[in-house]
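Residue-level listing of the chains:
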Amino acid sequence: MRLHYLELILFSTYAELRAERARSYLGVLWWIIEPAMNMAVYYLVFAIVLKTSQPDYIPFLLIGLTLWQWFKSCVSHGGYAIWQSLPLVRQVKVPVQVFPSVQVLADTVKFVFILALLLLILWGYGYAPNWAYLALVPVLLVELVFAAAIAYLFAAALPFLPDLRFVIEQVLQVTMFMSGVVFALDVVPVAWRGVFMLNPIAVLIDAGRGILMHGLWPNWSALGVVALISLALYAFASGLIAHLTPRYVKLPA
Amino acid sequence: MTAPVIAMENVGIAFNAQVRIGAPRFWALEDVSLTLNRGERLGVIGRNGAGKSTLLRTLAGIIEPDRGRITRAPVTCQLLSLAVGFMLHLSGRDNAVLSGLLLGLRRREIEKRLPAIHEFSELGDFFEQPISTYSTGMLARLGFSVAMQVEPEVLLIDEVLSVGDADFAKKSGAALRARIHGGTTVVFVSHSDAQIREVCDRALWIEHGRSVMQGDVDDVLRAYHARAPQTAAA
C-alpha cells in the first residue's frame, strides 16, 4: 500500500515536470531562466540602485535567493495542491497528502538545477569547494522538511479557507524580508536580531552562506533546533491532513 | 448464505453547502440501508438528486458516512471512472500509467497492461502523442481502455455502459457486459429500466436520500413506477 503511494508520488512528479516542460516554448530552460531573471532584478535593485555596500554582496544575495526561492515555490505550489485537486479527490480514493508532496518534489528537482548553476557561479567568483560542503546535506534536508511542513499546513487549510490564497503571497513576502535574503541580519537592531534568528529559514540561509562562502561548518545547535521544529511541524501537518481527509470530499464543488 | 460483501445500515452523508463560516450542511443521503452479496448485481434506481451517485461514492470508500454504519469484507471496490487524472500535455501512454496509479494499480501491473490498453484503445501511433492532440472520441477510448484494466472485486457503475462513437460503443459495451456477467459483484446506477433489467438481478430504490425498497428487479421497478406514474420507462 505504502509503496503504491510512493510510486504514485514519483510518477506524478515526473508527469508534473514533463507537462510543465511541454507547456512552454523553451521548456526546461525556464527552470533556470526564471530564477535567474528574478535574481537579476534583486541584483539591480539592491546592488546597483541602492548600492548596498556590503562586501561579497553578489554571492551573498545569490545564495540567499536560491535557498529562499526553493522554499517559496514549495509553499506556494504545495499550498494550493489539495484545493486544486478537489475534483480528483471526489473521483477516487487517494490519500490527499500525495498532492502537496508532488509539488514539493517537483520544485525540489528544479532547485537542484538552480543549485548547480549557483555553484558554478560561486566557483567562477573564486569561492572554491571545501569540506564544509558535506554539511549542505543536512542543511538542505532540513530545509526540505521545513518547506514540506509549511506547504502541508497551507494545503490542509486552503480548501476550507480559500481566502488564504490572498494571504499566502503576503506572508511569504514578509517572511523573505525577515529571513535575511537580501540584507544581512547584522543591519537589524540588536534587540530584534534574536527574534529574526528564531526564523528557521534565516538559520538555514545563514548556514548555507557560511558553508559556500567561508567554508564554515554550521552552528550545529541552531541547526538541530530548526531540525526539531521542522520535524515536529511536519508530523503535525501530516496528521492534520490525515485528520481532515474525510472532510475534503464533502466540500462544495 | 455467506456474509455480505458490503452492508450499509442507516447511512447518512452530509455535505457542506458552501465554504463559509456557519454554512448549513445538507444531507445527500439521509438513511440508506443495503446489503450486497458476492457475485450479485444490484441496480440502483431513483430520481435525479435522490443520492444515487453519492451512494456509489460511499460504497467506493471515497466518502465516509456521517452517521450509520458501513461494513465491508476485505475486497477491492472501484467506481468505473473514465480519464481520471488525465493531464493534457502528457502522452496517452503516460496518462495511462498516471490514471492506473490513481485507480490503485501498482506501476508494474500497469506496465504489463499497457500493450492491452494500446490495442483496445485503437490509438495506434497517437498513443505516444500528447492527449491535447486527441479528438473527444480518442480521449473516450483511452479513458475506457485504462478504466477496464482495473479489475475490482466490486465494480460500481454510474450510468455509463459504453463510450465513444458507434463502433467503439459496441466494442466497449460488449467488454463491460462481459465483465459484469463474468462473476464480478456489481452495483449499477441507471435511469433506464431496460438497462437495469438487462444487467441486474436485484434492485434498490432510493428516494430523497432514503432507501425505500430493495428486492427483485421487477417488483422494485413496479413499485417505483406505481409511486410516480409520470416517470417514463426508458
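Residues numbered from 1 in each chain as written. Chains lettered and ligands numbered in written order. Predicted model: local features only at pLDDT ≥ 70, side-chain atom pairs only at ≥ 80, totals over all residues. Heavy atoms only, no water.

K.L.:
It is not clear to me how the overall build of chain B should be interpreted in this structure. Could you clarify?
P.N.:
Counting its regular elements, chain B contains seven helices and nine strands. For 234 residues, the compact-globule estimate of 2.2 N^0.38 gives 17 Å, and chain B sits close to it at 19 Å. Its C-alpha atoms put chain B at 50 × 45 × 40 Å along the principal axes. Every one of the 234 residues in chain B was classed for burial, and the buried ones make up 51%. Once local pairs closer than 6 in sequence are excluded, the contacts in chain B between residues at least 24 apart make up 65%. Total accessible area computed for chain B in this model is approximately 10400 Å², and 51% of it derives from carbon and sulfur atoms. (Helix = DSSP H or I, 4+ residues; strand = E, 2+ residues; numbered from the N terminus. Rg over C-alpha atoms; globule rule 2.2 N^0.38 Å. Buried < 20%, exposed > 50% of the residue type's maximum accessible area, 1.4 Å probe, protein only. Contact = heavy atoms within 4.5 Å. Areas by Shrake-Rupley, 256 points an atom, 1.4 Å probe, with all protein chains shown as cover.)

K.L.:
Would you explain the overall build of chain A in this entry?
P.N.:
Scanning chain A from N- to C-terminus turns up 10 helices and zero strands. Mapped in sequence order, the helices and strands of chain A form the string α-α-α-α-α-α-α-α-α-α. In terms of overall dimensions, chain A is globule-like: its C-alpha atoms have a radius of gyration of 19 Å, near the 18 Å expected for 253 residues. Seen through its principal axes, chain A has C-alpha atoms that stretch 55 × 45 × 35 Å. A buried classification covers 50% of the 253 residues belonging to chain A. Across chain A, the fraction of contacts at a sequence separation of at least 24, relative to all contacts at a separation of at least 6, is 79%. Carbon and sulfur atoms form 72% of the exposed surface of chain A, whose accessible area is close to 12300 Å². Distance between charge centres in chain A, computed from 14 positive and 11 negative side chains, equals 9 Å. (Lys, Arg positive; Asp, Glu negative; His and termini not counted. Charge placed at Lys NZ, Arg CZ, Asp CG, Glu CD.)

K.L.:
Help me understand the interface of chain B and chain A, please; the structure alone is not making it clear to me.
P.N.:
Much of the literature gives interface size as the accessible area that the parts lose upon coming together. The interface is formed by 33 residues belonging to chain B together with 28 residues belonging to chain A. Here R106 of chain B and E7 of chain A are joined by a salt bridge, their closest N and O atoms 3.1 Å apart. For the interface between chain B and chain A, the tally reads nine residue pairs in polar contact (both at pLDDT 80 or more). The set of elements that each furnish at least two residues to the side of chain B that touches chain A consists of β1 (6-16) and α2 (92-102) of chain B. Here the element with the most residues in the side of chain B that touches chain A is α2 of chain B; it accounts for five residues. Partitioning the side of chain B that touches chain A into residue classes produces 20 nonpolar, seven polar and six charged. (Salt bridge = Lys/Arg side-chain N within 4 Å of Asp/Glu carboxyl O. Polar contact = N/O pair within 3.5 Å; in protein donor to acceptor, adjacent residues only side chain to side chain. Nonpolar A, V, L, I, M, F, W, Y, C, P; charged D, E, K, R; others polar.)

K.L.:
I tried to follow the nonpolar core on my own but got confused; where do I start?
P.N.:
Most often, soluble globular proteins keep nonpolar side chains buried together rather than apart. In terms of nonpolar packing, the biggest core is built from 75 residues, with Y248 of chain A together with L34, L55, L59, L142 and L156 of chain B touching the most fellow members. The residues contacting L156 of chain B, other than those within four sequence positions of it, are L56, L59, A60, C77, Q78, L79, L80 and V187 of chain B. Among the nonpolar cores identified, the runner-up in size contains 56 residues, and M39, C74, V104 and A151 of chain A belong to it. (Core = buried A, V, L, I, M, F, W, Y, C linked by side-chain atoms within 4.5 Å.)

K.L.:
Please clarify how the confidence of the model for chain A should be interpreted in this entry.
P.N.:
Detailed reading of the predicted coordinates is not advisable wherever pLDDT is low. Put simply, chain A has an average pLDDT of 90, and 100% of its residues get 70 or more. Summarising per-element confidence for chain A, the mean pLDDT is lowest in helix α8 (residues 190-196) of chain A (77) and highest in helix α6 (residues 136-157) of chain A (97). (pLDDT = per-residue confidence, 0-100.)

K.L.:
So what exactly am I meant to see when it comes to the packing of α6 of chain A against helix α10 (residues 220-248) of chain A here?
P.N.:
Any two packed helices are characterised by the angle at which their axes cross and by the distance between the axes. Residues and elements named next belong to chain A. The interhelical angle for the contact between α6 and α10, taken along N-to-C directions, is 30°, at an axis separation of 8 Å. The angle between α6 and α10 falls in the class roughly parallel. Between α6 and α10 lies a crossing of left-handed hand. Split into classes, the residues belonging to the contact of α6 with α10 amount to 25 nonpolar, two polar and no charged. (Axes fitted to C-alpha atoms, helices over the stretch in contact; angles between N-to-C directions. Parallel < 35°, antiparallel > 145°, perpendicular 65-115°, else oblique. Left-handed = near helix turned anticlockwise from the far one by under 90°.)

K.L.:
Explanation requested: a nonpolar patch on the surface in the structure shown.
P.N.:
A surface patch of nonpolar side chains, about 610 Å² in accessible area, is lined by V41, Y43, L44, V45, I48, V49 and L50 of chain A. Along the chain, the position of I48 of chain A falls in helix α2 (residues 29-49). (Patch = residues over 30% accessible without salt bridge, like charges linked within 9 Å, V, L, I, M, F, W, Y side chains within 5 Å.)

K.L.:
What's the story with the side chain of R113 of chain B in this structure? I'm lost.
P.N.:
All names here are of chain B. Its place among the elements puts R113 in helix α3 (residues 107-121). Although buried, R113 forms no salt bridge, and the nearest oppositely charged side chain, E151, lies 4.3 Å from it. In this structure, R113 is in contact with L105, Q149 and E151, ignoring residues within four places of it in sequence.

K.L.:
In this structure, what is going on with the packing of aromatic side chains? I would like to understand it.
P.N.:
A ring pair, where both rings are aromatic, is described by two values, the distance of the centres and the angle of the planes. If you walk through the whole model with that rule in mind, you get 15 aromatic pairs over all chains. With a centroid separation of 5.2 Å and an interplanar angle of 50°, the aromatic rings of F11 of chain A and Y14 of chain A are classed as tilted. Of the two residues, F11 of chain A and Y14 of chain A are both situated in helix α1 (residues 2-22); the distance of three residues between them amounts to about one turn of the helix. Both rings, one in Y80 of chain A and one in W83 of chain A, keep their centres 6.2 Å apart while their planes meet at 65°; by these two values the pair is edge-to-face. Pair noted here: Y80 of chain A and W83 of chain A are both in helix α3 (residues 57-84), with a separation of three residues, about one helical turn. Judged by its relative accessible area of 19%, Y80 of chain A is buried. In textbook terms, an aromatic cluster arises when at least three aromatic residues are bridged by ring pairs, as seen for W68, F71 and F146 of chain A. Sitting above the plane of the F120 of chain B ring, K171 of chain B keeps its charged end 4.5 Å from the centroid. (Phe/Tyr/Trp six-rings, centres within 6.5 Å; stacked < 30°, edge-to-face > 60°. Lys NZ or Arg CZ within 6 Å of the ring centre and 35° of its normal.)

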